[in-house]
Amino acid sequence: MLPLLLASSSVYRRELLSRLHLPFICSSPDIDESHREHESAVELVKRLAEQKARALAASHPGHLIIGSDQVAALEGRIIGKPHTFENAREQLLAASGKRVSFLTGLALLNSETGHCQVDCVPFIVHMRELDVERIERYLRIEQPYDCAGSFKAEGLGVSLFQGTEGPDATSLIGLPLIRLVDMLLAEGVHIP
């Protein structure tokens, strides 16, 4: 098996990938993550996932390189990471009682052959009706300012959900393991 490289510095993605019990290393790619004019959210995350993987190909020949990128969309508008308490409060207020779509782009690049598999895995979160006090209590406890959608689904953020729907709950955290296993199997990786 070619060595695995996760093209990310995300602790969340690293924790998810470790569930597969495969050895891997991490390296953070340096790419421009700007949204292009007329680019859909699906096109954006697929492009960025592939660019992240390809950005490390020259420095890591003979590797299977995993790239992933995620955006959240509310009413057709991409919402990014909030970075601040105020932005997170506004995002959660806007999402109250609504559906938030999470689109996670995934790429697996074989840097030896150049073969690259790319996909997008969707996941929907139905948010509870949220008031300012509840949102602010949540934000003070968990401080999810580096998370798309302004919550941590793997933590207390799940208390803000009314329900979820999608093919792979791990895609909500940022690395769709079910689809990744399909890709790894296609590259001859044995799991488990």
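Conventions adopted
Residues numbered from 1 in each chain as written. Predicted model: local features only at pLDDT ≥ 70, side-chain atom pairs only at ≥ 80, totals over all residues. Heavy atoms only, no water. Helix = DSSP H or I, 4+ residues; strand = E, 2+ residues; numbered from the N terminus. Rg over C-alpha atoms; globule rule 2.2 N^0.38 Å. Buried < 20%, exposed > 50% of the residue type's maximum accessible area, 1.4 Å probe, protein only. Contact = heavy atoms within 4.5 Å. Areas by Shrake-Rupley, 256 points an atom, 1.4 Å probe, with all protein chains shown as cover. Lys, Arg positive; Asp, Glu negative; His and termini not counted. Charge placed at Lys NZ, Arg CZ, Asp CG, Glu CD. Arc of directions from axis to C-beta. UniProt positions renumbered as here; feature names shortened; annotations may be inferred.

Some thoughts on the overall build of the protein
(1) Moving on: Assigned secondary structure in the protein consists of six helices and seven strands.
(2) Moving on: Ordering the α and β elements of the protein from the N terminus gives β-α-β-α-β-β-α-β-β-α-β-α-α.
(3) Moving on: Expected size for 192 residues packed as a compact globule is a radius of gyration near 16 Å; at 17 Å, the protein falls within 12% of this value.
(4) Moving on: Projected onto its principal axes, the C-alpha coordinates of the protein cover approximately 50 × 40 × 25 Å.
(5) Moving on: The buried share of the protein, taken over its 192 residues, is 50%.
(6) Moving on: Taking as baseline every contact in the protein between residues at least 6 positions apart, the subset at least 24 positions apart corresponds to 67%.
(7) Moving on: Total accessible area on the protein is roughly 9200 Å²; 50% of this is exposed by carbon and sulfur atoms.
(8) Moving on: The protein carries 19 positive and 25 negative side-chain charges, and their two centres are separated by 3 Å.

Some details on helix 3 (residues 85-95)
(1) Moving on: Of the residues making up helix 3, those classed as buried are Ala-88, Arg-89, Gln-91, Leu-92 and Ala-95. Seen end-on, helix 3 carries its buried residues on one side only, within an arc spanning 165°.
(2) Moving on: Buried residues along helix 3 sit in contact with strand 3 (64-74), strand 4 (77-79), strand 5 (99-110), strand 6 (116-127) and helix 4 (132-142).
(3) Moving on: In the stretch just after helix 3, Gly-97 is the one whose phi turns positive, near 70°.

Structural notes on helix 4
(1) Moving on: Along helix 4, the residues that are buried comprise Ile-135, Glu-136, Tyr-138, Leu-139 and Glu-142. Mapping the buried residues of helix 4 onto a view down its axis gives an arc of 160°, with all of them on the same face. Of the exposed residues in helix 4, those oriented more than 90 degrees away from the buried face are Glu-133, Arg-140 and Ile-141.
(2) Moving on: Buried positions along helix 4 lie against helix 3.
(3) Moving on: Downstream of helix 4 by a residue or two, Gln-143 has a phi angle that is positive, lying close to 50°.

As for the UniProt feature "site: Important for substrate specificity" (unreviewed entry) in the protein
(1) Moving on: Under the local residue numbering, the UniProt record ascribes the feature "site: Important for substrate specificity" (unreviewed entry) to Tyr-12, Gln-70 and Glu-154.
(2) Moving on: Secondary-structure assignment places Tyr-12 in helix 1 (residues 11-18).
(3) Moving on: Judged by its relative accessible area of 16%, Tyr-12 is buried.
(4) Moving on: Look past the residues within four positions of Tyr-12 in its chain and what remains in contact with it is Asp-146, Cys-147, Lys-152, Glu-154 and Ile-173.

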